[in-house]
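Here's the letter readout for the chains.
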Amino acid sequence: MNFVDQLRTLDPRDPGRWPAAARVFFISLIFLIFAAIAWYMLVWTEDRPRLMKAEADEQDLRAQFETKQQRAANLDAYKAQLAEMERSFGAMLRQLPGRTEVPNLLVDISQTGLAAGLQEKLFQPAPEVNKGFYAELPIKIKLVGSYHEFGKFVSGIAALPRIVTLHDIAIQPAADKNAGFDNLTMDVTAKTYRYIEDDNGKSGGKARKKEPGGTT
């Protein structure tokens, strides 16, 4: 009789009369079942959160690695883009007047209005404003003329070799009613910008207030 046949003939109500091999088998089986339950309760349940955290960390590290790999693959493109930005920035800086060029630029702005046929009622440079690496120089201007002449003035300002922007433009009929419907007054603030190179973080406003003043 083989072992399987012995198991079939066992009386479950009288395990004391079972053969020794059958008793050893069932005792071992019960032990394995309890050991598996104990391992699940004490080991797997306790270590599972750590395993899940390790898996999440692995996914995060994989994502970081892929991101860095993509950046490394695009490094040459980034360097080329940075070089282009530096060239563009340098070109813009060259359009900003230096300290000694500001008085001549103020004259150019004033002459642009006169060349357009406008009457200059006010040309008042204000103190420059420190903006960090550059200084902003506003000029309050009041001009009298026609729409066509205002257009020529704006075009002339845009054609200057240095950066000049126009702000707070207000156009209204001139006070002289007998001069015609096309006789208008334009109030505008022109702003130019000076690159601060060797001021040691100071705009030097007191020293440069005299420069705009000397051109009025």
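Below or above, wherever it landed, is the structure these notes cover. (Residues numbered from 1 in each chain as written. Predicted model: local features only at pLDDT ≥ 70, side-chain atom pairs only at ≥ 80, totals over all residues. Heavy atoms only, no water.)

Description of the pattern of salt bridges
Then step 1. In this structure the tally under the stated criterion is three salt bridges.
Then step 2. A salt bridge links Glu136 to Lys191, with the nearest nitrogen and oxygen atoms 3.6 Å apart. In this pair, Glu136 is assigned in strand β3 (residues 134-145) and Lys191 in strand β5 (residues 184-195), connecting sequence segments 55 residues apart.
Then step 3. The class for Lys191 is buried, based on a relative accessible area of 18%.
Then step 4. Of the charged contacts, one joins Asp187 and Lys142 as a salt bridge, the two residues approaching to 3.2 Å between their closest N and O atoms. Within this pair, whereas Asp187 is found in strand β5, its partner Lys142 is found in strand β3, the two being separated by 45 residues in sequence. (Salt bridge = Lys/Arg side-chain N within 4 Å of Asp/Glu carboxyl O. Helix = DSSP H or I, 4+ residues; strand = E, 2+ residues; numbered from the N terminus. Buried < 20%, exposed > 50% of the residue type's maximum accessible area, 1.4 Å probe, protein only.)

Comments concerning helix α5 (residues 147-158)
Then step 1. Over its twelve residues, α5 extends 17 Å from the first C-alpha to the last, a length consistent with the 16 Å expected when each residue adds 1.5 Å.
Then step 2. Taken together, the buried positions of α5 are occupied by Phe150, Phe153 and Ile157. Along α5, the residues classed as buried sweep out an arc of 60° about the axis, all on the same side. Summarising the geometry of α5, the exposed residues directed more than 90 degrees from the buried face are His148 and Ala158.
Then step 3. The secondary structure elements touched by the buried residues of α5 are α4 (102-115), β3, β4 (164-173) and β5. (Expected span 1.5 Å × (residues − 1). Arc of directions from axis to C-beta. Contact = heavy atoms within 4.5 Å.)

Considerations on the packing of aromatic side chains
Then step 1. Within this structure, the stated rule accounts for one aromatic pair.
Then step 2. Ring centres of Tyr134 and Tyr193 lie 5.9 Å apart, and the angle between their planes is 70°; on these two criteria the pair is classed as edge-to-face. Of this pair, Tyr134 sits in strand β3 while Tyr193 sits in strand β5, placing them 59 residues apart in sequence.
Then step 3. Exposure remark for Tyr193: the relative accessible area of 12% places this residue in the buried category. (Phe/Tyr/Trp six-rings, centres within 6.5 Å; stacked < 30°, edge-to-face > 60°.)

Some words on the pairing of β5
Then step 1. The buried fraction of β5 is high, at ten of twelve residues.
Then step 2. Taken together, the twelve bridges between β3 and β5 define a ladder with antiparallel strand orientation. Among the inter-strand pairings, Pro138 is bridged to a residue of β5, identified as Lys191.
Then step 3. In terms of strand pairing, β4 meets β5 through eight bridges, oriented antiparallel. When the sheet's bridge partners are listed, Leu166 is paired in β5 with Ala190. (Pairing = 2+ DSSP bridges.)

Examining a nonpolar patch on the surface
Then step 1. On the surface, Phe25, Leu29, Ile33, Ile37, Trp39, Tyr40, Met41 and Leu42 cluster together to form a nonpolar patch covering roughly 830 Å² of accessible area.
Then step 2. By the secondary structure assignment, Trp39 is in helix α2 (residues 20-73).
Then step 3. Residue classification places Trp39 among the partly exposed residues on the basis of a relative accessible area of 48%. (Patch = residues over 30% accessible without salt bridge, like charges linked within 9 Å, V, L, I, M, F, W, Y side chains within 5 Å. Areas by Shrake-Rupley, 256 points an atom, 1.4 Å probe, with all protein chains shown as cover.)

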